[in-house]
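Observations on the three-dimensional arrangement
Below are the chains, spelled out letter by letter.
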Protein chains: 2
Amino acid sequence: MTQFKNILLGHGSGGRLSHELITSLFIKHFSNKILLQQTDAALLDMASGKIAMTTDAFVVDPIFFPGGDIGKLAIAGTVNDLAVSGASPAYLSVSFIIEEGLPFLALEKIVRSMAEEALSAGIHIVTGDTKVVDRGKCDKIFITTSGVGQQRKEANQLATGKLISPGDKIIVNGFIGDHGMAVMSARNQLNIKAKIESDCASLNGMIDQVWENAGNIHFMRDATRGGLGTVMCEIVADKSWGINLFEQDIPVRTEVRGMCELLGFDPLYVANEGKVVMVVGSVVADKVMETLRKHEFGRNAVIIGEIVPQHAGKVWLHTSIGGKRIVDMPAGEQLPRIC
Amino acid sequence: MTQFKNILLGHGSGGRLSHELITSLFIKHFSNKILLQQTDAALLDMASGKIAMTTDAFVVDPIFFPGGDIGKLAIAGTVNDLAVSGASPAYLSVSFIIEEGLPFLALEKIVRSMAEEALSAGIHIVTGDTKVVDRGKCDKIFITTSGVGQQRKEANQLATGKLISPGDKIIVNGFIGDHGMAVMSARNQLNIKAKIESDCASLNGMIDQVWENAGNIHFMRDATRGGLGTVMCEIVADKSWGINLFEQDIPVRTEVRGMCELLGFDPLYVANEGKVVMVVGSVVADKVMETLRKHEFGRNAVIIGEIVPQHAGKVWLHTSIGGKRIVDMPAGEQLPRIC
């Protein structure tokens, strides 16, 4: 491999160059017993019971940004989709689509970062695929990860939203909008030097602790594309209850708020990559908060709202200045290629 | 949806347009109980025992070609990777990366074709993701599918290649090179009007019948990128035995051979998407052949070679004119973006 400075079409051919890339890069960094078999499909040991499966494509631009890169994002994003569904993320597959000419060092940096995030999330990358397309036919690199995990028995109804009822508290584990604004600040066309880092992180460890210490989570979703506001709208849609959010309790960093004002964004709709929205029974809310605040990714957790019997199917935001407005689902794209 | 002729950036935003695309297209065509839940992760029922997992990215150019399209390919390719590993393909995830401006009708045609192939393979598409990138940042559409399936107990050692031994027969289920030449003939720059159709097909049904009627398969691999020649080289690498192939027995259609000669390709290395190479014990070879030939995808199956104690780690091709040559793994890419 060392003779190549850039990725060539042949690295996606399935021939000798592909094999070299697999051995010298993927096997080296992702190394684990299952991947080492290098078979067409990885063989996994799963206990009996439900298995959760998810997939996400990552096309973030730029591929490196403050607080992370496309590789870290691709691991954390899929780990989080499993964790918020009530599963314990276990095994991930990785599929790369690479533009011919991508510097080998850039790919290596991404792969290292994936390996580090996999280690910190406690998951294994067990199988993968690499395609290389000619220059100009993709944008540097796109990564799709899929993941499977054992579903917690107590969480089989979690994702349906049917456990939510009036009186439940809505919790977010920290500042919103960091990821979106970190990526925006890294885009070349903007001459913004705000010190905002992406919150990109695998939240499965933190969520595990909430299950163990407090249990009784009624619903979870990670607030990625579309941000906190979109998740709220998704939760409330077609329900017989409503949501009250309290603007003054929603944590937004000063730098993020400033950049949003400058660019005309509403932090409610800006993407996060390390934020989970939890809906929990009011009796366990304090215990959940206590558990979250002890974890590095939940230190700034807050209760931002509650489920109410009024205004069914609607999210009301009670503003800092004493007014209220309806939070609606955005139609289109605020920030293309944010993840 | 009907108001949009083309895919917009907003269709990948996670907002209202995304939801509309999911409902009006993906849910409509892929409809099944699990997908309808529309949760972050799909919940699957799997029996106890080993589970096989695989992933592949599809970047074929052009996206429509004689005998198939990128959608059919994305389903069959992942189904086959599971089946050749000894698993029963059950659930697939689908991740789309779409170029802004792709005609909605093209996407719908692809989605329909995926739904049809899923039905004919007997698998369910249970979860997915869609990202849209700005015009010029990808090439129409890329699809990554991942799949899981229950591993057959009798196949736990299959993928390792450790069951292969001298005397075993090598079987292929029909004509080689069809897919590669069908895609080439569809490329605009070539003014070739050969009537070659891709062999793209899900082989799990045929392979199931071999397990049931003959059992005792020692190894399988689908001969995709890199073709039959590459698979042979992969099988033999670092082994204490060799492979003899008999050129006169390897089935190549006249049109494919002609087009290969014209373009300077060796059919041995041209991609297939519906061909499996089986290595089986000599005592069951006839039973395997009989079973294959009764199946629509195995009608032209032949024994093309055998495992021999000589020339360890090497593949020898005994040519039609009585000579012999070593089959080597190709270094680079014969045909970029063939799958």
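Residues numbered from 1 in each chain as written. Chains lettered and ligands numbered in written order. Predicted model: local features only at pLDDT ≥ 70, side-chain atom pairs only at ≥ 80, totals over all residues. Heavy atoms only, no water.

Per the secondary structure count, chain A includes nine helices and 14 strands. In summary, chain A has a C-alpha radius of gyration of 21 Å against a globular reference of 20 Å for 339 residues, a match within 12%. For chain A, the spread of C-alpha atoms along the three principal axes comes to 65 × 50 × 35 Å. In chain A, which comprises 339 residues, the share counted as buried stands at 63%. Considering only contacts in chain A between residues 6 or more positions apart, those separated by 24 or more positions represent 84%. Between the centroid of the 33 positive side chains of chain A and the centroid of its 37 negative side chains there is a distance of 1 Å. (Helix = DSSP H or I, 4+ residues; strand = E, 2+ residues; numbered from the N terminus. Rg over C-alpha atoms; globule rule 2.2 N^0.38 Å. Buried < 20%, exposed > 50% of the residue type's maximum accessible area, 1.4 Å probe, protein only. Contact = heavy atoms within 4.5 Å. Lys, Arg positive; Asp, Glu negative; His and termini not counted. Charge placed at Lys NZ, Arg CZ, Asp CG, Glu CD.)

What follows deals with the sheet that holds strand β10 (residues 242-246) of chain B. Residue and element names in this part refer to chain B. Strand order in this open sheet of seven strands is β9-β11-β8-β12-β10-β13-β14, and the pairing throughout is mixed. Each having just a single partner strand, β9 (217-222) and β14 (324-327) make up the two edges of the open sheet. Taken pair by pair, the neighbouring strands of this sheet meet at an average axis angle of 25°, ignoring direction. The pairing of strand β8 (residues 169-172) with strand β11 (residues 276-280) spans four bridges and is classified as antiparallel. If you follow Ile170 over to β11, its bridge partner there is Val279. Sheet strands in contact with helix α7 (residues 227-236) are β8, β9, β10, β11, β12 (302-308), β13 (315-318) and β14, and its direction is about 155° off that of β10. (Pairing = 2+ DSSP bridges. Axes fitted to C-alpha atoms, helices over the stretch in contact; angles between N-to-C directions.)

What follows covers the packing of aromatic side chains. Tallying each qualifying case throughout the model produces five aromatic pairs over all chains. Considering the side-chain rings of Phe26(A) and Phe96(A), the 5.0 Å spacing of their centres and the 10° angle between planes classify their relative orientation as stacked. Taken together, the residues Phe26(A) in helix α1 (residues 16-30) and Phe96(A) in strand β5 (residues 87-99) connect sequence positions 70 residues apart. Taken together, a centroid distance of 6.1 Å and an interplanar angle of 15° make the contact between Phe26(B) and Phe30(B) stacked. Of this pair, Phe26(B) and Phe30(B) both sit in helix α1 (residues 16-30), separated by four residues, roughly a single helical turn. Phe30(B) matches Phe26(B) in its accessibility class, with the two residues each being buried. Site record: aromatic cluster; members linked through ring pairs are Phe26(A), Phe30(A) and Phe96(A). In this structure, Lys109(B) packs its charged tip against the face of Phe64(B), placed 4.3 Å from the ring centre. (Phe/Tyr/Trp six-rings, centres within 6.5 Å; stacked < 30°, edge-to-face > 60°. Lys NZ or Arg CZ within 6 Å of the ring centre and 35° of its normal.)

Attention now moves to the interface of chain B and chain A. With 78 residues of chain B at the interface, the matching set in chain A holds 78 residues. On the surface where chain B and chain A come into contact, there are ten salt bridges. For Asp45(A), the salt bridge is made with Lys50(B), and the minimal N-O distance between the two is 3.2 Å. Our enumeration of links across chain B and chain A arrives at 33 residue pairs in polar contact (both at pLDDT 80 or more). Looking at the side of chain B that touches chain A element by element, the count peaks at nine residues for strand β2 (residues 49-58) of chain B. Residue classes in the side of chain B that touches chain A are distributed as 31 nonpolar, 29 polar and 18 charged. As defined by bridge partners, strand β2 (residues 49-58) of chain A adjoins strand β1 (residues 42-46) of chain B across five bridges and the pair is classed as antiparallel. Bridge pairing links Lys50(A) to Asp45(B) in β1(B). (Salt bridge = Lys/Arg side-chain N within 4 Å of Asp/Glu carboxyl O. Polar contact = N/O pair within 3.5 Å; in protein donor to acceptor, adjacent residues only side chain to side chain. Nonpolar A, V, L, I, M, F, W, Y, C, P; charged D, E, K, R; others polar.)

All told, the structure shown has 34 salt bridges over all chains when counted by the stated rule. A salt bridge links Glu290(B) to Lys294(B); its shortest N-O distance comes to 3.6 Å. Within this pair, Glu290(B) and its partner Lys294(B) are both found in helix α9 (residues 285-294), separated by four residues, close to a single helical turn. Among the ionic contacts, a cluster of salt bridges with common partners joins Asp56(A), Arg225(A), Asp129(B) and Lys131(B).

A separate point is the relation of the copies chain B and chain A. At an RMSD of 0.0 Å, chain B and chain A line up after a rotation of 180° and a shift of 0.0 Å along the axis. Such values leave the two copies arranged in the relation of a two-fold axis. Judged by C-alpha distance, Cys138(B) is the residue of chain B that lies nearest the rotation axis, at 2.0 Å. With an isologous cut-off of 70% or more, the 100% of interface residues of chain B that recur at the interface of chain A puts this contact in the isologous class. (Least-squares fit on C-alpha atoms with pLDDT ≥ 70 in both.)

This part takes up the domain arrangement of chain A. Residues and elements named next belong to chain A. Considered domain by domain, chain A is made up of domain 1 (39-155) and domain 2 (169-326). The centre of domain 1, based on its C-alpha atoms, is set 24 Å off from the matching centre of domain 2. Facing 23 residues of domain 1, the contacting portion of domain 2 comprises 23 residues. When domain 1 packs against domain 2, close to 1,800 Å² is buried across both sides, 57% of that on carbon and sulfur atoms. (Domains from an automatic or database assignment. Buried area = accessible area lost by both parts, 1.4 Å probe.)

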